[in-house]
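Read off the chains here:
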Amino acid sequence: MKRHLKHALELAFIPVAAAIVFVEEVLLRYLGLAMAALAKWPPVARVEGWLRRLPPWAAVLAFAAPSLLVLPVKLSAVWFAFHHRYGLSLASVIVGKMLATALVARLYSILHPALEKLSWFVHAEAWLFGWRDRVYAFVRALQAWQKAVAIIHRLRFWLRGLVSAVWSR
């Protein structure tokens, strides 16, 4: 019985874990590029410079701030759902989550030097990234994941050939 339950949980967990790994790899890369481009805008560059000079305790507060900034987005999702606008509700959750992820990733890169001065943060970070790396290794070792990656690489190669053929005309 225990073995069957474990197998059922794995079947439920694998697609979720694979989706998270895929979304994080793709989404974070492109969101990071967008946030880096935005950081070149002088007002944003000044704010980032100010954030880099924060002491560790203030860096923790700044790092936690996006959680509060996303609250209105979550409330709007509830409002949309309450008014039977489920598509808008889902869209607001997705857009809010993407913006929060981009902001937190950028803040992490900016505030990391100050945050790593806090021993509890270093321990929590090591634990979290160790756990994440084990999950990623598990997902990447799956045959289904490897087949999906191979299909994506073939599709990219085909698209590159198609685009270069169109542009060379």
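Rules and cut-offs
- Residues numbered from 1 in each chain as written.
- Predicted model: local features only at pLDDT ≥ 70, side-chain atom pairs only at ≥ 80, totals over all residues.
- Heavy atoms only, no water.
- Helix = DSSP H or I, 4+ residues; strand = E, 2+ residues; numbered from the N terminus.
- Contact = heavy atoms within 4.5 Å.
- Axes fitted to C-alpha atoms, helices over the stretch in contact; angles between N-to-C directions.
- Parallel < 35°, antiparallel > 145°, perpendicular 65-115°, else oblique.
- Nonpolar A, V, L, I, M, F, W, Y, C, P; charged D, E, K, R; others polar.
- Polar contact = N/O pair within 3.5 Å; in protein donor to acceptor, adjacent residues only side chain to side chain.
- 1 Å grid on protein atoms, 1.4 Å probe; cavity = no way out; pocket = protein on both sides within 12 Å on 5 of 7 lines; lining within 4 Å.
- Points joined across faces, edges and corners; volume = space filled by probe spheres on them.

Draft legend 1. How the structure looks around the environment of Leu31. Along the polypeptide, Leu31 turns up in helix 1 (residues 2-38). In the structure, Leu31 is positioned 71 residues away from Ala102 in sequence and 5.5 Å away in space, judged by C-alpha atoms. Residues within four places of Leu31 in sequence aside, it is in contact with Met98 and Ala102.

Draft legend 2. Spatial organisation of the packing of helix 4 (residues 71-82) against helix 5 (residues 86-115). Look at helix 4 against helix 5: their axes get within 7 Å of each other, and the N-to-C directions meet at 170°. The angle between helix 4 and helix 5 places the two elements in the roughly antiparallel class. The segment helix 4 lies against helix 5, with Val73, Ser76, Ala77, Phe80 and Ala81 engaging Tyr86, Leu88, Ser89, Ser92, Val93 and Gly96. Taken together, the residues of the contact of helix 4 with helix 5 sort by class into seven nonpolar, four polar and no charged.

Draft legend 3. Local environment of the environment of Ser89. Note that Ser89 resides in helix 5. The spacing of Ser89 and Lys74 is 15 residues in sequence and 8.7 Å in space, taken between C-alpha atoms. Other than its neighbours up to four places away in sequence, Ser89 contacts Ala77, Phe80 and Ala81. A polar side-chain atom of Ser89 sits 2.8 Å from the main-chain carbonyl oxygen of Ala77.

Draft legend 4. Structural detail: the layout of surface pockets. Empty space within the largest pocket amounts to approximately 1100 Å³. Glu24, Leu28, Thr101, Val104 and Leu128 are the residues nearest the centre of the largest pocket, which is lined by 30 residues in total. Within the residue set of the lining of the largest pocket, elements represented by two or more residues are helix 1, helix 3 (56-69), helix 5 and helix 6 (119-141). If you add up the space inside the second largest pocket, you get close to 280 Å³. Mapped by element, the contributors of at least two residues to the lining of the second largest pocket are helix 1 and helix 7 (143-167). Split by residue class, the lining of the second largest pocket holds eight nonpolar, one polar and three charged.

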